[in-house]
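Spelled out from the first residue to the last, the chains are:
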Amino acid sequence: MNVTMDVLVSLAKRRGFIFQSSEIYGGTGSCWDYGPLGVELKNNIKRVWWRDFVQQRDDMVGLDASILMHPTVWKASGHVDHFTDPMVDCRECKRRFRADKVDEMDWTHYCAATKGNKFTIKAGEPCKHCGERRTLCPECGKGVLTAPRQFNLMFKTFMGPVEEDAALTYLRPETAQGIFVNFDNVLQATRRKLPFGIAQIGKAFRNEITPGNFIFRSREFEQMEIEYFVNPNERLDGRPADEVWHDRWIDDCRAWFERYGLDPEHVTLHEHAGEELAHYSKRTVDLLYRFPMGWSELMGIANRTDFDLKQHAKFSGKSLTWFDEERKEHVVPYVIEPSAGVDRALLAFLLDAYREEQVRGEKRVVLRLHPELAPVKIAVLPLLKKRPEIVATCHELRARLARRWAALYDDTAAIGRLYRRQDEVGTPFCVTVDVKTVGDAEKREAGDGRVTIRDRDSMEQIRVPIADVETVVSRILDAGATWTEVAAGYPRAEG
Ligand code: GAP
C-alpha cells in the first residue's frame, strides 16, 4: 500500500499517535508530541530493540548517559568543528536554507514576461514563459541569497547560573559520545573481553536547517545506538574482525526491521561512496526505507575505527584501551556503530502497516502492526452497554488481561464502529461480551460463559470460554502461535 504522508499524518493526529508540539500556540518548528497511542508504540519499539539487542545477547550491555556532557566531549568528537551544514539566508524574508538543498526545492517566481505574475515552479526547472532559472530566494521569490556559511547544528545552552562562555555546553546531537566517554567505566565494571557492545537509547537534538517530512527529520528525536568494540588485530574467517562484525551487524539490523513488519521490498542498503564517508569512517552502510518522499535513511551502520576512543584519550589524557591478556598488549578497539532513529523506525512501521481494504462494500483502514509493536493488544467491548452484567464482565476481563498486556475497554459506539476503530490503530484482538455470555436473568436463561475473540487481520471470530481468553492471547503474543493454529481449537462465531 502506497500511503501518502498526509494520510498518515491525519490518522496519527486523529487517533492520538502524534501531535504537533505546542499546537495551541501555532506549533514549534519540527518538534512532535507522542499521544496516548504514540507513546505506547514508541515504548514497544524501544523495548523490543533493547530486549533483542541487549538482553538476549551475551556480548552486550546497556547504558543511560546524561544529555548534557562536558563541552570538551564535542570538541574531541569533532562536532564543534565539523557538525555543520552550509546555509544561505534570504536578505528579504530572512528565511534560511541548506545551500546544498536550495536547488531541490520548488521555487517562487515573479515572471517579467507575464507582467510580474507569480508562479510556483518545480525544483530545477526553468520558467516556461521567460526561460529563467532560479537565482533568488525559492520561498519569497524576491530576496537575494547570501553566500553559503557553515552553521553548526548543535543546540547551545549554559550550565549553571551565569550565561557566559565558560558555562557553554550543548544538548547532545547523538547518544554515541556518552558511550565512548564511558568505555573505560563499563570495561572496569563488567570485566568484558572484546568483542562486546554498549547500547543506549535516548534523546538527541539537532538544529536542523531543513527539518520536515513529519517525524522523519525533527529537531528533537530519539536514537537507539550501539557501539560494538572489536579487536582490529584479530581475524575472523580470514578477514579483519571489524569487517566481519560490520557485515554481521548490517544483516542483524536489516533482519530486525523485517521481523517487526517492514516489507523486505521496502528496505535496501546504501553503501557510502568515498566522498560521502564521514571523516571517522572506514565504511558506512545505510539501511534505506521507501518513505513516501522516496528512498531515505532509516539507520546507519558505520565502522568508526578507533577514531573516537583515540580522540577522547587525546583530549582527556586518559587511556582508553583494552588489555589483551593473550598477546600482552594494549589495544584501541575498532567500533562498529549501528545507529537507528526511534522516530524514523516508528514512521516506517506505521507506513508499512497501513492498509485500506474493501469489506462488504465499505472501506476498512487497518494498521497491520506486528502484535509486539501494537499500542493496544486487546480491546474488550460490550455488545450492549445498557446491560450491567455485560459491562461488569468486560471490566473484570479487561483488568485481568491488563496485568499482562495493554488492554482497553470501549463502549462509545456500536460494535461495528468499535471494531473499525481498533483496526485503525492496529489492535490485534477484540474480545466481545454479549447477552449469550452472561445470560438473561429475566428470561431465566443461563449464560454460556463464552466470549467472541476477533482477529484484526483475518477478521475471523471464534467463541472462547472466558477462562481461556488469557491462554488464547498468550499462545499468540508470547508463544508465537498463529491465529489459524489457535482458532482451529474453537468454534467460529458469525460476524
Ligand atoms: N552516531 C551516529 C549518528 O548519529 P546519524 O546518521 O547522524 O548517525 C543516526 O544518525 C540515525 O538517527 C539516523 O539514521 C536517523 O534514523 C536518526 N536521525 C538523525 N537525525 C535525525 C533527525 N533530525 N530527526 C529524526 N531522526 C534523525
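Just so it is clear, the model here is predicted, and its values are computed rather than measured.

1. Some remarks on the site of the ligand
Thinking step 1. As a structural note, the neighbourhood of the ligand is formed by 20 residues, with E174, R206, E208, E225 and E297 the closest of them.
Thinking step 2. Within the contact set of the ligand, an oxygen atom lies 3.0 Å away from a backbone nitrogen or oxygen of G341.
Thinking step 3. Coverage of the ligand by the protein chains reaches 90% of its 550 Å² of free accessible surface.
Thinking step 4. Where the shell around the ligand is concerned, the elements lending two or more residues are strand 12 (220-230), strand 17 (294-305) and strand 20 (334-341).
Thinking step 5. Residue contributions to the shell around the ligand peak at five residues, all from strand 17.

2. Let's talk about the sheet that holds strand 11 (residues 196-205)
Thinking step 1. Read across the open sheet, the seven strands follow the order 3-11-12-20-17-16-15; overall the sheet is mixed. Strands with a single pairing partner mark the edges of an open sheet, and in this sheet they are strand 3 (60-63) and strand 15 (267-271). Averaged over neighbouring strand pairs, the angle between their axes works out to 25° when direction is ignored.
Thinking step 2. Across the sheet, helix 9 (residues 342-353) touches strand 11, strand 12, strand 16 (283-291), strand 17 and strand 20, and the angle it forms with strand 16 is around 40°.

3. Examining the nonpolar core
The tendency in soluble globular proteins is for nonpolar side chains to be buried side by side.
Thinking step 1. The biggest cluster of nonpolar side chains holds 61 residues, and the ones touching the most others in it are F17, I45, W249, W256, F257, L347 and F349.
Thinking step 2. Per-element tally for this core: the top contributor is helix 9, with nine residues.
Thinking step 3. Not counting chain neighbours up to four residues away, the residues in contact with F17 comprise L11, A12, D33, Y34, G35, L37, G38, L41, L350, L367, P375 and V425.
Thinking step 4. With 28 residues, the next largest nonpolar core counts Y409, I462, V464 and A487 among its residues.

4. Examining the state of the cysteines
Thinking step 1. On inspection of all chains with the given rule, the structure shows zero disulfides.
Thinking step 2. The structure places no disulfide on C430, whose sulfur is separated from the nearest cysteine sulfur, that of C394, by 11 Å.
Thinking step 3. Assessed through its relative accessible area of 1%, C430 is described here as buried.

5. Things to note about the pairing of strand 7 (residues 117-121)
Thinking step 1. The pairing of strand 6 (residues 107-111) with strand 7 spans five bridges and is classified as antiparallel. Following the sheet pairing, W107 is matched in strand 7 by I121.
Thinking step 2. Counting the residues that bridge the hairpin from strand 6 to strand 7 gives five residues, and of these K115 lies at a positive phi of roughly 55°.

6. A word on the side chain of R463
Thinking step 1. Looking at the element boundaries, R463 is found in strand 29 (residues 461-465).
Thinking step 2. Polar side-chain contacts of R463 include one of 3.0 Å to the backbone oxygen of R450.
Thinking step 3. With sequence-adjacent residues up to four places away left out, R463 is seen in contact with D434, K436, T437, D448, R450, V451, T452, Y490, P491 and A493.

7. Focus on the pairing of strand 25 (residues 429-433)
Thinking step 1. Counting buried residues along strand 25, five of its five residues qualify, which places the element largely inside the surrounding structure.
Thinking step 2. Relative to strand 25, strand 23 (residues 378-382) runs parallel, the two sharing five bridges. In the strand pairing of strand 25, A379 is matched with C430.
Thinking step 3. Pairing analysis gives four bridges linking strand 25 to strand 28 (residues 450-455), with the strands arranged antiparallel. Paired with T432 across the strands is T452, a residue of strand 28.

8. A word on helix 7 (residues 241-259)
Given 3.6 residues per helical turn, the α-helix brings residues three or four places apart onto the same face.
Thinking step 1. The terminal C-alpha atoms of helix 7, which comprises 19 residues, lie 26 Å apart, in line with the 27 Å expected from a rise of 1.5 Å per residue.
Thinking step 2. Of the positions making up helix 7, those classed as buried are A241, D242, V244, W245, H246, W249, I250, C253, W256 and F257.
Thinking step 3. Directly beyond the C-terminal end of helix 7, a positive phi value near 125° is found at G261.

9. Some remarks on the packing of aromatic side chains
Thinking step 1. With the rule as written, the count across this model stands at 19 aromatic pairs.
Thinking step 2. Their ring planes at 40° and their centres at 5.5 Å tell us that F196 and F229 sit as a pair that is tilted. Of this pair, F196 sits in strand 11 while F229 is found in strand 12, placing the two residues 33 residues apart along the sequence.
Thinking step 3. Residue class for F229 comes out buried when judged on its relative accessible area of 0%.
Thinking step 4. Centre to centre, the rings of Y289 and F291 are 4.9 Å apart; their planes meet at 80°, and the pair counts as edge-to-face.
Thinking step 5. Y289 gets classed as buried once you look at its relative accessible area, which sits at 3%.
Thinking step 6. For F291, a relative accessible area of 3% puts it in the buried group.

10. Notes on the pattern of salt bridges
Thinking step 1. Counted by the stated rule, this structure contains 46 salt bridges.
Thinking step 2. In this structure, E220 and K203 form a salt bridge, with 2.8 Å as the shortest nitrogen-oxygen distance. Here the residue E220 occupies a position in strand 12, and K203 occupies one in strand 11, the gap between them amounting to 17 residues.
Thinking step 3. Residue classification places E220 among the partly exposed positions, given a relative accessible area of 32%.
Thinking step 4. Residue E357 pairs with R364 through a salt bridge whose shortest N-O separation is 3.0 Å.

Scoring rules and cut-offs
Residues numbered from 1 in each chain as written. Predicted model: local features only at pLDDT ≥ 70, side-chain atom pairs only at ≥ 80, totals over all residues. Heavy atoms only, no water. Near = heavy atom within 4 Å. Polar contact = N/O pair within 3.5 Å; in protein donor to acceptor, adjacent residues only side chain to side chain. Areas by Shrake-Rupley, 256 points an atom, 1.4 Å probe, with all protein chains shown as cover. Helix = DSSP H or I, 4+ residues; strand = E, 2+ residues; numbered from the N terminus. Pairing = 2+ DSSP bridges. Axes fitted to C-alpha atoms, helices over the stretch in contact; angles between N-to-C directions. Contact = heavy atoms within 4.5 Å. Core = buried A, V, L, I, M, F, W, Y, C linked by side-chain atoms within 4.5 Å. Buried < 20%, exposed > 50% of the residue type's maximum accessible area, 1.4 Å probe, protein only. Disulfide = S-S within 2.5 Å. Expected span 1.5 Å × (residues − 1). Phe/Tyr/Trp six-rings, centres within 6.5 Å; stacked < 30°, edge-to-face > 60°. Salt bridge = Lys/Arg side-chain N within 4 Å of Asp/Glu carboxyl O.

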